[in-house]
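Here's the letter readout for the chains.
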Amino acid sequence: GDLNKHTSAGAYNASEVMALSQAIQNRAKAIIDEDFNEKPQANARLTLACGSHKEAELGRVIVALIGDINQCRASAANSKLIEVEPGKVTKDRPVVFLLQAFDGRGERIGEGGEFVAAAWLENPGETALVVEDCKNGEYKVAFTPTRCGIYSFEISVNDVKMAERQVECAHWKFNPRHCHPGIRLNEIRLLATHSVHERYEAVLGSEGMKNGQYKWHIRVSSGKRTSFRFVGITPRPECVFAHNQPVWDGEEADYPQQFAYCWNVCDGSRWVLGKASDDQGVRGSWKNKDTLQLCLDCESRTLTFTNLRSQASDTICNLPQEEFFPFVCLEEPNSTVRIIPR
């Protein structure tokens, strides 16, 4: 670009242009593959221009030659990204994407050496994102999830952004070790059913959430609209478990939601550590068997509750910087809550 600008303005004499063009030509020979079929013609044009001392023509030829070189490099627009073994993503199992490099003309590149980079868009904690040059025109982009939740990253080819990808690690399940004795869990631990007694019964998720962003979906089924059913998170699983009493004796007794950041699904009210907020929350938006979405962002320290049917939404802000566990507490006999993997 510098050569083209100055030759068109007549700022270089012939000897200076030829010296600079020789340096560019040497670099071009090092870059262009020996099998590149345009190389002989490009070199012939360059030699002819140098011999005639036509500076303007020389500049145009060199610019064309550099364009040929760039066409041989991997193109972000033409290259392809394929997920290896797509499907369910689970913790501690590698996730691998394969990038197939194609040049600017849309032809497959059969050797390595391109600059392929990957970077996180959301902070995943200590999870490493690794790029491996397979030396055959393919590049592996891989990471191993260390937690459940969303992993977002972008891939670039030769400093040009190619694609963004978002991967969600397989869902948590209900934890039988942090479960009220009256609650029944199904075999795969995705469905929790309240006992026949009218009392608070809580169950927690199996996975802690500390870094990055997490999203999960649940569906609450109940016969009465007035009974309490809390969904949210807790940083104190040991306290919830200790106060997960078989019998609830009234207002003076301890109850599990005093250790949670949550919403009462029946009226949409927001609860923080056992106290209902004066704000409206998402009041009146719930119908039986609605799918509810909760999104925890550990970086912004927020928890957002959304009813996917009505799109009513509310957010708890300024969460403490702690590890959280999914939290559910039911009151009505035989009511249920189901995890909806997505």
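Each remark here, short or long, concerns the structure printed above.
Residues numbered from 1 in each chain as written. Predicted model: local features only at pLDDT ≥ 70, side-chain atom pairs only at ≥ 80, totals over all residues. Heavy atoms only, no water.

Undergrad: Just to check I follow, could you spell out the pairing of strand S15 (residues 269-272) for this structure?
TA: Bridging between strand S14 (residues 261-264) and S15 involves four bridges; their strand directions are antiparallel. Bridging from a neighbouring strand, Tyr-261 pairs with Val-272 of S15. In this structure, the hairpin formed by S14 and S15 is closed by a connection of four residues, where Gly-268 is found at a positive phi of approximately 75 degrees. (Pairing = 2+ DSSP bridges. Helix = DSSP H or I, 4+ residues; strand = E, 2+ residues; numbered from the N terminus.)

Undergrad: It is not clear to me how the pairing of S14 should be interpreted in this structure. Could you clarify?
TA: Regular strands show a simple pattern: their side chains alternate between the two faces of the sheet. A two-sided burial pattern is seen for S14, the buried positions comprising Tyr-261 and Trp-263 on one face and Cys-262 and Asn-264 on the other. Direction of pairing for strand S13 (residues 229-234) relative to S14: antiparallel, over a ladder of four bridges. When the sheet's bridge partners are listed, Phe-230 is paired in S14 with Asn-264. (Buried < 20%, exposed > 50% of the residue type's maximum accessible area, 1.4 Å probe, protein only.)

Undergrad: Would you mind showing me how to read the sheet that holds S13 here?
TA: Within a beta sheet, neighbouring strands are joined by backbone hydrogen bonds and run either parallel or antiparallel to one another. As summarised here, the arrangement of the seven strands in space is S8-S11-S20-S13-S14-S15-S16, forming an open sheet in which the pairing is antiparallel. Looking along the sheet, the strands with just one partner apiece sit at the ends: strand S8 (174-179) and strand S16 (275-276).

Undergrad: Looking at this structure, I do not really get unusual backbone geometry. What am I missing?
TA: What you tend to see is this: most non-glycine residues have negative phi, and most peptide bonds are trans. The backbone of Asp-159 shows a phi angle near 70 degrees, a positive value even though the residue is not glycine. Considering the arrangement of structural elements, one finds Asp-159 in the loop between strand S6 (150-157) and strand S7 (160-168). Of note, Asn-334 is a non-glycine position whose phi angle comes to about 65 degrees, a positive value. Position of Asn-334 relative to the elements: it lies in the loop between strand S20 (325-330) and strand S21 (336-339).

Undergrad: I tried to follow the packing of aromatic side chains on my own but got confused; where do I start?
TA: The description of an aromatic ring pair uses the distance of the two centres, along with the angle that the planes make with each other. On inspection of all chains with the given rule, the structure shows 12 aromatic pairs. For the ring pair Trp-172 and Trp-216, a centre distance of 6.3 Å and an interplane angle of 75 degrees mean the geometry is edge-to-face. With Trp-172 in the loop between S7 and S8 and Trp-216 in strand S12 (residues 213-221), the pair connects residues that are 44 residues apart, well separated along the chain. Among the residues examined, Trp-172 registers a relative accessible area of 5% and is labelled buried. (Phe/Tyr/Trp six-rings, centres within 6.5 Å; stacked < 30°, edge-to-face > 60°.)

Undergrad: Would you explain the pattern of salt bridges in this entry?
TA: Oppositely charged side chains can pair when the atoms bearing their charge come close. Scanning all chains against the criterion turns up nine salt bridges. Here Arg-105 makes a salt bridge to Asp-103, at a shortest N to O gap of 3.1 Å. Under the relative-accessibility criterion, Arg-105 is labelled partly exposed at 34%. Put simply, Glu-322 and Arg-236 hold a salt bridge, and the shortest N to O gap is 2.5 Å. With Glu-322 in the loop between strand S19 (313-316) and S20 and Arg-236 in the loop between S13 and helix H5 (237-242), this pair connects stretches of sequence that are 86 residues apart. The network of salt bridges with common partners includes Asp-103, Arg-105 and Glu-107. (Salt bridge = Lys/Arg side-chain N within 4 Å of Asp/Glu carboxyl O.)

Undergrad: Would you explain the sheet that holds strand S2 (residues 95-100) in this entry?
TA: One open sheet accounts for four strands, arranged S1-S2-S5-S4; its pairing is antiparallel. Across the chains shown, the open sheet's two edge strands, defined by having one partner strand only, are strand S1 (80-84) and strand S4 (130-133). On average, each strand axis in the sheet is inclined to that of its neighbour by 25 degrees, with strand direction left out of account. Where S1 lies against S2, five bridges are found, and the strand directions are antiparallel. The partner of Glu-83 across the bridge, within S2, is Phe-97. (Axes fitted to C-alpha atoms, helices over the stretch in contact; angles between N-to-C directions.)

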